[in-house]
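Breakdown of the fold
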Amino acid sequence: MDKLAVLIDHDGALLEPEGWEAGYLAQYDIGWQVYRCRSEDEVLRVAANAQVIIIQTTVPLLTMNVLSRLPNCLCTVRAGAGYDSIDYTSATELGIMVCYTPTYCTDEVADHAVTLLLAANRHVSRLDSGVRAGAFNRHLAAPTEGLRGATIGIIGLGRIGSAFARRLQGWQPRLLAYDPYISQEYAEQYGVMLVSLDELLREADALSVHCPLTPETTHLLGWEQFRKIKPGVVLVNTARGPIIDEAALVQAIKDNIVRAAGLDVFEQEPLPADSPLIQLDRVVLTPHISATSTQARHKLYQLICDLIVDVFAHKQPPFLVNPAVMQHPRQR
Ligand code: NAD
């Protein structure tokens, strides 16, 4: 059977292929096709002959129902930082590789977290709206705190959390992090001190969330944590919405416990038009856009193409999350 990789994206994805992918893969005699699938049936129609299936949407289209009916599939790839749209358990059971591409946007998300921190701290969107509405009103900037020497807390000191920490060094901050899965020695490379979540909440003037969404991190910041948090904190979330209990956050902003917030991710996306966050002018909102840049788009498709070449060369691809399947009869 001919070698084939298909991208079965769901809808007008942000990071479209750049156009060079088919030519690049043709050098290895690998075909490349792009589809916009909206249902499991559509995936089954277009991916029947593909050995590698790439999915960008977070809509869970690669289910047991689909994967079990794709006998040619060797590898599934989530073009993104998580692999929630692939049924990992079913794929593993069927001997199908599950890969993802977590490194393509590390710099972009770290940049966006710094952007949201500065914009929220200095009330950029409120000031911008004021000027546009004819109010050249500098009172809208209050309260703004200087960040030099501030204590900045990071939840999750992985790739993005540490890139965020590196970007802040110029402010000579005191950097603290809560991350139960890394060592103090690892944190020190980035000039960061590891502390408990309670200490982080008590001490930080600004907090940025960079942990994955797991059962353990769902509502990691909820009513109880907002009661303990240092009043006047600026809160940034570019990780996943449900890590913060949005109802508790809204109340904390109304009570002036959280002075300002910068949010790229939400409990429900797209953010519903009646979300109380929209009424709060001390919140800067962006539409889950942190990963985006021209460079990230290029890095994403280069990573994907290299990974596809590895699969057809029978090499273990990078960011394979179920390496045990390499021994499965399907892979031989
Ligand atoms: P990573 O795996 O390199 O780092 C995650 C860190 O979180 C790790 O150090 C891990 O030990 C830590 N962690 C795990 N459980 C924790 C817990 N209970 N409490 C505190 N820390 C915990 O991942 P990364 O590449 O840095 O990405 C982080 C997250 O950013 C991703 O999981 C993803 O949800 C999010 N992200 C968002 C966008 C976006 O467009 N907004 C883009 C890329 C990634």
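This text goes with the structure placed above it.
Here we summarise the structure given alongside this text. All values reported here derive from a predicted model rather than from experimental measurement.

1. Section: the packing of aromatic side chains
With the rule as written, the count across this model stands at 6 aromatic pairs. With a centroid separation of 6.3 Å and 75 degrees between ring planes, the pair formed by Tyr 100 and Phe 319 is classed as edge-to-face. Of this pair, Tyr 100 sits in strand 5 (residues 97-100) while Phe 319 is found in the segment after helix 12 (294-312), placing the two residues 219 residues apart along the sequence. The exposure class assigned to Tyr 100 is buried, which follows from its relative accessible area of 15%. Through successive ring pairs, a cluster of aromatic residues spans Tyr 83, Tyr 88, Tyr 100 and Phe 319.

2. Quick word on the sheet that holds strand 12 (residues 283-285)
Adjacent strands of a sheet pair through backbone hydrogen bonds, lying either parallel or antiparallel. Read from one edge to the other, the open sheet built from 7 strands follows the order 8-7-6-9-10-11-12, with strand pairing classed as parallel. Each of the sheet's edge strands pairs with one partner strand only, and the pair in question is strand 8 (192-194) and strand 12. Averaged over neighbouring strand pairs, the angle between their axes works out to 20 degrees when direction is ignored. With 4 bridges connecting them, strand 6 (residues 151-155) and strand 9 (residues 206-209) associate as parallel partners. Each bridged residue has a counterpart across the sheet, and for Ile 152 the counterpart in strand 9 is Ala 206. Sheet strands touched by helix 7 (residues 159-168): strand 6, strand 7 (174-178), strand 8 and strand 9. Its angle to strand 6, the strand with the most contacts, is close to 165 degrees.

3. Re the sheet that holds strand 4 (residues 75-78)
Within the open sheet, the 5 strands sit side by side as 2-1-3-4-5. Their pairing is parallel. On the outer flanks of this sheet lie strand 2 (30-36) and strand 5, each paired with one strand and no other. Adjacent strand axes in the sheet meet at a mean angle of 20 degrees when their direction is disregarded. Bridge count for strand 3 (residues 52-55) against strand 4 is 4 bridges, and the pairing is parallel. The residue of strand 4 that forms the bridge with Ile 54 is Val 77.

Definitions and limits used
- Residues numbered from 1 in each chain as written.
- Predicted model: local features only at pLDDT ≥ 70, side-chain atom pairs only at ≥ 80, totals over all residues.
- Heavy atoms only, no water.
- Phe/Tyr/Trp six-rings, centres within 6.5 Å; stacked < 30°, edge-to-face > 60°.
- Helix = DSSP H or I, 4+ residues; strand = E, 2+ residues; numbered from the N terminus.
- Buried < 20%, exposed > 50% of the residue type's maximum accessible area, 1.4 Å probe, protein only.
- Pairing = 2+ DSSP bridges.
- Axes fitted to C-alpha atoms, helices over the stretch in contact; angles between N-to-C directions.
- Contact = heavy atoms within 4.5 Å.

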